[in-house]
Amino acid sequence: MSGLIVTALVVLVFIVIYQIAKASELATILRGEEKVKSQTNRLMAWLMVAFFILGMIGIFKCHESLADKMLPESASVQGDHYDTMLIVTLALTGFVFFVTQILLFYFIYRYQSTENRKPYFYAHNNRLEVLWTTVPALALVVLVVIGLKNWFTITDKAPDNAMVVQVMGKQFNWLIRYPGADGVLGKTDFRLMNDANNVMGLDWNDPAAKDDIIIENGEMHIIKDKPVQLVINSRDVIHDVGLPHFRMKMDAVPGITTTMWFTPKFTTDEMKAKTNNPKFVYEISCDQMCGKGHYSMRGTVIVQTAQEFKEWLDKQPAYYANVQKAAAPEAAPAEGAAPATPPVGDSTAHKAAEGATAHK
């Protein structure tokens, strides 16, 4: 019954629209078609002017209302370059947008159809075609070159004094690994991975792996003003290491090791003061849809001074020691027997990257 009522209402609406259109057509004939056409053109021209003005006001109000929700200034040196690139892009495209839109709406108003004006058809002009094809193409080439330069910088070899941290994505968590006293990330093998006692597949036949430190709660600690190279992997599906406050982003792909590096500018405490937000945290987000728990895949980055980082790292036991302790509590090493903390900067980026790559 309800379906019949809905159908009847739809038919009734179409009949009403048809009758209105018919009445409008008859009114046009009575008043004079040319006169109605002229009035309609004038009305549409003024409506377009009003639309343009309201649109510009809307853009301004939208920006004003969302200004306080924007990310704070970049927290990394390399991120500053990306911010500059964004500003240049917005300035260039914004200039083109405003100029073209102003001209568009001005022409609609200025050259509206009248009885005394006839349209002029301008079919083709080779010079104009070349001009409006070449200029945008050159502008885009400049923007692309700037982007590639920044991209090659963060994906190139990190400075020799860079600290190295491995970040591995798994549904739905981030695993963080630091080299031990030897300053080298040990070898890994995906076939050795298991959640019980080897979450990152460390190869215990490699002595360099036995003093590595693994943080399973997704909390990464790095040092202010010191380059850090991230060695990025995935245990299962494609994830994406997103560091919005540092303006960094890199895919975590199963079977492939990707890297990027950056230099933090502000400690977490300094950023809390800058944002006037005592609850501020640097976030590691997963920027690639990775499953039903994707929304919960969030980690944190804590930027510290060199001394604060050393004190924190000194308290972290080697992952191998934890595994041994869990397997045989009575034979576990004493609490204070964790490997010594490596001097910050002793490890090199290329050694760690080699160690983090899966080995048979």
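Quick note: structure is the one above.
Description of the structure in this document.

So, how was this worked out
- Residues numbered from 1 in each chain as written.
- Predicted model: local features only at pLDDT ≥ 70, side-chain atom pairs only at ≥ 80, totals over all residues.
- Heavy atoms only, no water.
- Disulfide = S-S within 2.5 Å.
- Helix = DSSP H or I, 4+ residues; strand = E, 2+ residues; numbered from the N terminus.
- Expected span 1.5 Å × (residues − 1).
- Buried < 20%, exposed > 50% of the residue type's maximum accessible area, 1.4 Å probe, protein only.
- Contact = heavy atoms within 4.5 Å.
- Polar contact = N/O pair within 3.5 Å; in protein donor to acceptor, adjacent residues only side chain to side chain.
- Axes fitted to C-alpha atoms, helices over the stretch in contact; angles between N-to-C directions.
- Parallel < 35°, antiparallel > 145°, perpendicular 65-115°, else oblique.
- Nonpolar A, V, L, I, M, F, W, Y, C, P; charged D, E, K, R; others polar.
- Salt bridge = Lys/Arg side-chain N within 4 Å of Asp/Glu carboxyl O.
- Phe/Tyr/Trp six-rings, centres within 6.5 Å; stacked < 30°, edge-to-face > 60°.
- Lys NZ or Arg CZ within 6 Å of the ring centre and 35° of its normal.
- Core = buried A, V, L, I, M, F, W, Y, C linked by side-chain atoms within 4.5 Å.
- Domains from an automatic or database assignment.
- Arc of directions from axis to C-beta.
- Pairing = 2+ DSSP bridges.

## A short note on the state of the cysteines
One way to say it: the disulfide is the covalent bond shared by the sulfur atoms of two cysteines.
So, step 1. A complete count under the given rule lists zero disulfides for this structure.
So, step 2. With no disulfide of its own, Cys286 lies closest to Cys290 among cysteine sulfurs, the gap being 3.8 Å.

## A short note on helix H4 (residues 126-155)
One turn of an α-helix holds 3.6 residues; hence residues three or four places apart share an orientation.
So, step 1. Compared with an ideal rise of 1.5 Å per residue, which puts 30 residues at 44 Å, H4 spans 43 Å between its outermost C-alpha atoms and is within 8% of the ideal.
So, step 2. Turning to H4, its buried residues are Leu143, Gly147, Asn150 and Ile154.
So, step 3. The elements touched by buried residues of H4 are helix H3 (77-110), strand E7 (248-252) and strand E8 (258-262).
So, step 4. Of the residues that open H4, the one with a side-chain oxygen 3.0 Å from the backbone nitrogen of Arg127 is Asn125.

## Digging into the packing of H3 against H4
So, step 1. For the pair H3 and H4, the least separation of the axes is 10 Å and the interaxial angle reads 170°. As far as their axial angle goes, H4 and H3 are roughly antiparallel. When H3 is examined against H4, the residues Gln78, His81, Tyr82, Met85, Val88, Thr89 and Leu92 are found in contact with a partner set consisting of Ala139, Leu143, Ile146, Gly147, Asn150, Trp151 and Ile154.
So, step 2. Across the contact of H3 with H4, the residue classes tally to nine nonpolar, five polar and no charged.

## Quick look at the pattern of salt bridges
So, step 1. Under the criterion given, the structure shown has 13 salt bridges.
So, step 2. Asp83 serves as the salt-bridge partner of Arg247, at 2.9 Å between the closest nitrogen and oxygen. Highlighted residues: Arg247 in the loop between strand E6 (239-243) and E7 and Asp83 in helix H3, separated in sequence by 164 residues.
So, step 3. Lys310 serves as the salt-bridge partner of Asp314, at 3.2 Å between the closest nitrogen and oxygen. Of this pair, Asp314 and Lys310 both sit in helix H6 (residues 306-314), separated by four residues, roughly a single helical turn.

## Here's the deal with unusual backbone geometry
So, step 1. Cis peptide bonds are those with omega within 30 degrees of zero, and the linkage from Gln171 to Phe172 qualifies with 0°.
So, step 2. With respect to the element layout, Phe172 can be found in the loop between strand E1 (163-170) and strand E2 (173-178).
So, step 3. For Arg247, which is not glycine, the phi dihedral falls at a positive 65°.
So, step 4. Even without being a glycine, Asn276 presents a positive backbone phi close to 55°.
So, step 5. Within the secondary structure layout, Asn276 lies in the loop between helix H5 (268-275) and strand E9 (282-286).

## As for the packing of aromatic side chains
So, step 1. In the structure shown here, the tally under the stated rule is 14 aromatic pairs.
So, step 2. With a centroid separation of 6.0 Å and an interplanar angle of 55°, the aromatic rings of Tyr178 and Phe309 are classed as tilted. One end of the pair, Tyr178, is in strand E2; the other, Phe309, is in helix H6, with 131 residues separating them in the sequence.
So, step 3. The rings of Phe246, Phe262, Phe280 and Tyr282 are connected pair by pair, giving a single aromatic cluster.
So, step 4. Above the ring of Phe266, the side-chain terminus of Lys274 is found at 4.6 Å from the ring centroid.

## Topic: the nonpolar core
So, step 1. Grouped together as the largest cluster of nonpolar side chains are 39 residues, with contacts concentrated most on Tyr178, Met220, Leu230, Leu243, Phe246, Tyr282 and Val301.
So, step 2. Residues lining this core come from more than one domain, with at least three contributed by each of domain 1 (34-114 + 124-154) and domain 2 (163-330).
So, step 3. Not counting residues up to four positions away in its chain, the partners in contact with Val301 are Met220, Ile222, Leu243, Phe246, Thr268, Tyr282 and Ile284.
So, step 4. Listed in part, the nine residues of the second largest apolar core include Leu175, Met200, Tyr319 and Val323.

## Comments concerning H6
So, step 1. Taken residue by residue, H6 has Phe309, Trp312 and Leu313 as its buried positions. Looking down the long axis of H6, one finds its buried residues gathered within 95° of arc, a one-sided arrangement.

## Here's the deal with the sheet that holds E2
So, step 1. Pairing within the open sheet is mixed, and its five strands lie in the order E3-E2-E1-E5-E8. Two strands bound the open sheet, and with one partner strand each, they are strand E3 (213-215) and E8. When strand polarity is set aside, the average angle formed by the axes of neighbouring strands in this sheet is 25°.
So, step 2. Here E1 pairs with strand E5 (residues 228-234) via seven bridges, running parallel. Counted as the bridge partner of Met163 is Val228 from E5.

## Observations concerning the sheet that holds strand E4 (residues 219-223)
So, step 1. Pairing in this open sheet of five strands is mixed, and the strands run E4-E10-E9-E6-E7 from one edge to the other. Both outer strands of the open sheet, E4 and E7, are each paired with one neighbouring strand and no more. With direction set aside, neighbouring strand axes in the sheet form an average angle of 25°.
So, step 2. Summarising the sheet, E9 and strand E10 (residues 298-304) pair through four bridges and their orientation is antiparallel. Note on E10: the bridge partner recorded for Glu283 is Thr300.

## Some words on the environment of Pro207
So, step 1. Turning to its location among the elements, Pro207 is positioned in the loop between E2 and E3.
So, step 2. A relative accessible area of 62% places Pro207 in the exposed class.
So, step 3. For Pro207 and Gly186, which are 21 residues apart along the polypeptide, the C-alpha to C-alpha distance reads 7.3 Å.

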